[in-house]
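Here are the chains, one letter per residue:
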Amino acid sequence: MAEFKSVATRSGEVVGKVEDVTDFITSLDPDETFLTNKFGRTTVTNTKHEWLNDNLRPARDNAQVEVRDFGAEKARPRTRSANYVQNFENGYSVSDTTQAIKKYGVRDELSYQFVKCGKETARDLEYAIVNNAEAKPESSGIPARFGGVAYFLSQTKPVTSVSTAGVFTVTGHELFDGDPVILSGTLDKNFKANTPYYAHVLTGDTFELHATPQQTMMDETARAKTVIKPSTSVGASTMCVTNQNVIDAGAYTADAGKLTFDKINDLLQCVWKRGGSVDSIVCSGKNKRAISGMTQGVTKTRPMADKELVEVVDVLETDFGRVDVNAHRMYTDDVVDFFEYQYWKLGYLIPFHTENPPRTGSYRQKVITGAATLECTAPIASGRIKGITG
């Protein structure tokens, strides 16, 4: 970790040529930086990047008499989401002698190290996209980190309590009537894992669950008859709730922990019910092989000009459309992610560029640096299968 400096050098004091290499970074080795190249681009103007989200209420019965007074309901407010900017830096130095001597395969050592450093920086950005599970601002010398895919697809909140009347207490739950939620952890027998329930909001910290979104919007008398209640009151720290599309492979009764075609269809159905349309599955090599070995719905594709059988990409034919399957070297074996790419964007507060520090000896230094963040405007259009063990 770089040493924390209480006094930073101002931009006007920087000596040396500055080259914008953001396009170079994002185009290097696309096989290694798959998501960097798949995600779109957005504009970032602050170290805390914020955007607004909006959604529709569930469809409901809507029939009115011919003669009536107009009525109106309070509109759903837009919600604010945010992520932080993460600073990246990689540097290298080459002595004058190393640059001057004749070398096998390398004419210009500085240029060679520039390309190598660029690839390393691109891989570091991709690593953050895949693995950063939290979004943190800079504090007391601890660098800021942007939340990556895991941050957007795995957010859960602990359930403080559930009363026998079915009232869930979750501090700052940020739900609206009809929002689907999935429960995890130690569940009461009246609740099922990997099953979407639908919230009716009581207060900013409490809600009740129903089997359909329409039940959450009925009048109070009718709605009270459809509340799903636990068999007994539930205390703190026994379960969590999420309104993301996350299912736990380990919580299934059949083939617990295994990645199966049925589990993939379950996740795709969760996304589909919320209006999403998954473009691509991204997973580890092990899980890619597991999907390739499934007998249902797998199509192996290759260019017609090829005379060798090369598995370029697998396409899953599912009940919810065709989905590409892609192996990613940085993915672990316990998760598989599902993306609708149009809602994912990278933003650069400081585009990646080179800095040439002033010479202080018989060597030259170069640094590639930049500041980036990740934006996901609709996490509900993507999803994750977690808890894969076999």
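Residues numbered from 1 in each chain as written. Predicted model: local features only at pLDDT ≥ 70, side-chain atom pairs only at ≥ 80, totals over all residues. Heavy atoms only, no water.

Chemist: So what's going on with the overall build of the chain? Which residues, and what values?
Modeler: Across its full length, the chain holds eight helices and 21 strands. A total of 390 residues make up the chain; the buried ones form 42% of that total. Restricting the contact set of the chain to residue pairs at least 6 apart, pairs at least 24 apart contribute 71%. Summing over all exposed atoms, the chain offers an accessible surface of approximately 21800 Å²; the carbon and sulfur share of this is 49%. (Helix = DSSP H or I, 4+ residues; strand = E, 2+ residues; numbered from the N terminus. Buried < 20%, exposed > 50% of the residue type's maximum accessible area, 1.4 Å probe, protein only. Contact = heavy atoms within 4.5 Å. Areas by Shrake-Rupley, 256 points an atom, 1.4 Å probe, with all protein chains shown as cover.)

Chemist: Give a description of the sheet that holds strand E12 (residues 239-242) that names residues and reports values.
Modeler: Strand order across the open sheet formed by seven strands is E6-E12-E9-E10-E11-E8-E7, with antiparallel pairing between neighbours. The open sheet has two edge strands with one neighbour each: strand E6 (157-158) and strand E7 (161-162). With two bridges joining them, strand E8 (residues 168-169) and strand E11 (residues 206-210) adopt antiparallel strand pairing. Along E11, the bridge assignment pairs Phe-168 with Phe-207. (Pairing = 2+ DSSP bridges.)

Chemist: Describe the side chain of Gln-244, and please don't skip the residues or the numbers.
Modeler: Looking at the secondary structure, you find Gln-244 in the loop between E12 and strand E13 (246-248). Once residues within four sequence positions are removed from consideration, Gln-244 is found in contact with Phe-152, Leu-153, Gln-155, Ile-182, Arg-274, Pro-379 and Ile-380.

Chemist: I'd love a proper account of the nonpolar core, names of residues and values included.
Modeler: The nonpolar side chains of soluble globular proteins are, as a tendency, buried together. The biggest cluster of nonpolar side chains holds 33 residues, and the ones touching the most others in it are Leu-35, Phe-39, Ile-129, Val-149, Phe-339 and Trp-344. Secondary-structure elements contributing two or more residues to this core are helix H2 (34-38), strand E5 (86-95), helix H4 (109-131), helix H5 (149-153), strand E19 (344-355) and strand E20 (363-376). Of the residues forming this core, the biggest block, seven residues, is contributed by H4. Ignoring any residue separated from it by four or fewer positions in sequence, one finds Ile-129 in contact with Leu-35, Thr-36, Phe-39, Phe-146, Gly-148, Val-149, Leu-346 and Leu-374. Grouped together as the second largest cluster of nonpolar side chains are 22 residues, Leu-268, Cys-270, Val-271 and Cys-283 included. (Core = buried A, V, L, I, M, F, W, Y, C linked by side-chain atoms within 4.5 Å.)

Chemist: Can you lay out the packing of aromatic side chains for me, pointing to particular residues and giving the numbers?
Modeler: By the definition in use, this model includes 15 aromatic pairs. Here the aromatic rings of Trp-51 and Phe-152 are separated by 6.2 Å at their centres, their planes lie at 40 degrees, and the arrangement is tilted. Taken together, the positions of Trp-51 in strand E3 (residues 48-53) and Phe-152 in helix H5 put the pair 101 residues apart, joining distant regions of the chain. Taking the centre distance of 5.4 Å and the plane angle of 75 degrees together, the rings of Phe-339 and Trp-344 count as edge-to-face. Following the ring pairs from residue to residue traces out a cluster consisting of Phe-39, Trp-51, Tyr-151, Phe-152, Phe-339, Tyr-341 and Trp-344. Looking at Lys-263, its charged tip hangs above the ring of Tyr-252, at a distance of 4.8 Å from the centre. (Phe/Tyr/Trp six-rings, centres within 6.5 Å; stacked < 30°, edge-to-face > 60°. Lys NZ or Arg CZ within 6 Å of the ring centre and 35° of its normal.)

Chemist: If you had to explain the pairing of strand E21 (residues 383-386) to someone new, which residues and values would you point to?
Modeler: In the sheet, E13 pairs with E21 via three bridges, with the strands oriented parallel. Residue pairing in the sheet places Ile-247 in a bridge with Ile-385 of E21. Across three bridges, the pairing between strand E18 (residues 336-339) and E21 is antiparallel. Its bridge partner being in E21, Asp-337 is matched across the sheet by Arg-384.

Chemist: Mind laying out helix H8 (residues 285-292), listing which residues take part and the relevant values?
Modeler: Within the sequence span of H8, burial applies to Asn-287, Lys-288, Ile-291 and Ser-292. Down the axis, H8 shows its buried residues gathered within 145 degrees of arc, on one side only. (Arc of directions from axis to C-beta.)

Chemist: If you had to explain the confidence of the model for the chain to someone new, which residues and values would you point to?
Modeler: Looking at the chain as a whole, the pLDDT averages 86, with 87% of positions reaching at least 70. Put simply, strand E1 (residues 19-20) is where the chain has its lowest mean pLDDT, 51, and E18 is where it has its highest, 98. Here residues 4-19 scores under 50 on pLDDT; set against residues more than four positions off or in separate chains, the count is 15 contacts. (pLDDT = per-residue confidence, 0-100.)

Chemist: So what's going on with unusual backbone geometry? Which residues, and what values?
Modeler: Residues other than glycine seldom take positive phi values, yet Glu-174 does so here, at roughly 60 degrees. With respect to the secondary-structure elements, Glu-174 resides in the loop between E8 and strand E9 (180-185). By relative accessible area, Glu-174 is classed as exposed at 63%. Positive phi values are uncommon outside glycine, yet Asn-194 reaches one of about 60 degrees. Within the element layout of this structure, Asn-194 appears in the loop between E9 and strand E10 (197-203). Among the residues examined, Asn-194 registers a relative accessible area of 15% and is labelled buried.

Chemist: Talk me through the pattern of salt bridges; I want residue IDs and the actual numbers.
Modeler: Counted according to the given criterion, the structure contains ten salt bridges. Lys-288 is paired through a salt bridge with Asp-314; the nearest N and O atoms lie 3.2 Å apart. Remark: Asp-314 occurs in strand E16 (residues 313-318) and Lys-288 occurs in helix H8; sequence separation between them is 26 residues. Salt bridges linked by common partners bring Glu-32, Arg-123 and Arg-329 together as one network. (Salt bridge = Lys/Arg side-chain N within 4 Å of Asp/Glu carboxyl O.)

Chemist: Any details on the pairing of strand E14 (residues 280-283)? Residues and values, ideally.
Modeler: Both faces of E14 are covered, namely the face carrying Ser-280 and Val-282 and the face carrying Ile-281 and Cys-283. Of the strand pairs in this sheet, E14 and strand E17 (residues 321-327) are connected by four bridges, and their pairing is parallel. Each bridged residue has a counterpart across the sheet, and for Cys-283 the counterpart in E17 is Ala-327. Pairing between E14 and E18: four bridges, direction antiparallel. Counted as the bridge partner of Ile-281 is Phe-338 from E18.

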